[in-house]
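Geometric and topological summary
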Amino acid sequence: MATSKTVWSSALAAVTYAKFQLVIKGISYGEFDLRIAHSTDTNSRTYQQNNAMTRLSWGPARDYIARPDLNRNVEADLPYLQPITG
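Report follows, based on the coordinates. (Residues numbered from 1 in each chain as written. Predicted model: local features only at pLDDT ≥ 70, side-chain atom pairs only at ≥ 80, totals over all residues. Heavy atoms only, no water.)

Observations regarding the overall build of the protein
For the protein, the count of helices and strands is 2 helices and 5 strands. Order of helices (α) and strands (β) in the protein, N terminus to C terminus: β-β-β-α-β-α-β. Contacts in the protein between residues at least 24 apart in sequence constitute 41% of all its contacts with a sequence separation of at least 6. Only carbon and sulfur atoms are counted for the fraction: they give 51% of the accessible area of the protein, which is about 6,100 Å². (Helix = DSSP H or I, 4+ residues; strand = E, 2+ residues; numbered from the N terminus. Contact = heavy atoms within 4.5 Å. Areas by Shrake-Rupley, 256 points an atom, 1.4 Å probe, with all protein chains shown as cover.)

As structure tokens, then:
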């Protein structure tokens, strides 16, 4: 299980941060606290359009995953997250 800390929650939404290790092409770029937000509002346009109710914000990790040299069509190039357990 990833180490996480809930920042806030309400009847319709919750935000938490979880620590992950970012690995691209077998190279670890370190640990990042990524923001995860989830909405349970069944009256929202997002829900009614059957879209994802949970969002991951890359924060500073974006600089690594947005690299133009990564080939999104080659599985070995795709970034992945390894949960930090603790």
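A closer look at the pairing of strand S2 (residues 13-24)
Pairing between S2 and strand S3 (residues 27-39): 11 bridges, direction antiparallel. Along S3, the bridge assignment pairs Ala14 with His38. Hairpin connection of S2 to S3: 2 residues between the antiparallel strands, including Lys25 at a positive phi of 50°. (Pairing = 2+ DSSP bridges.)

Section: the packing of aromatic side chains
Scanning all chains against the criterion turns up 2 aromatic pairs. With a centroid separation of 5.6 Å and an interplanar angle of 65°, the aromatic rings of Phe32 and Tyr64 are classed as edge-to-face. With Phe32 in strand S3 and Tyr64 in helix H2 (residues 62-65), this pair connects stretches of sequence that are 32 residues apart. Exposure remark for Tyr64: the relative accessible area of 30% places this residue in the partly exposed category. A network of ring pairs unites the aromatic residues Tyr29, Phe32 and Tyr64 as a single cluster. (Phe/Tyr/Trp six-rings, centres within 6.5 Å; stacked < 30°, edge-to-face > 60°. Buried < 20%, exposed > 50% of the residue type's maximum accessible area, 1.4 Å probe, protein only.)

Brief notes about the nonpolar core
Side chains of a nonpolar character, in soluble globular proteins, are inclined to be buried together. Membership of the largest hydrophobic core is limited to 9 residues, which are Ala18, Phe20, Leu22, Ile24, Phe32, Leu34, Ala61, Ile65 and Leu70. Those elements that provide at least two residues to this core are S2 and S3. Ranked by residues supplied to this core, first place goes to S2 with 4 residues. (Core = buried A, V, L, I, M, F, W, Y, C linked by side-chain atoms within 4.5 Å.)

Structural notes on the environment of Ala61
Of note, Ala61 is situated in the loop between strand S4 (54-57) and H2. Using a relative accessible area of 0% as the deciding quantity, one classes Ala61 as buried. Placed 28 residues apart in sequence, Ala61 and Asp33 show a C-alpha to C-alpha distance of 8.9 Å. Ignoring sequence-local partners within four residues, the contact set of Ala61 consists of Leu22, Phe32 and Leu34.

Here's the deal with unusual backbone geometry
If you check the backbone angles, Lys25 has positive phi at about 50° while not being a glycine. Judged by relative accessible area, Lys25 falls into the partly exposed class, the value being 41%. For Asn50, which is not a glycine, the phi torsion comes out positive at approximately 60°. As for its position among the elements, Asn50 is in the loop between helix H1 (45-48) and S4.

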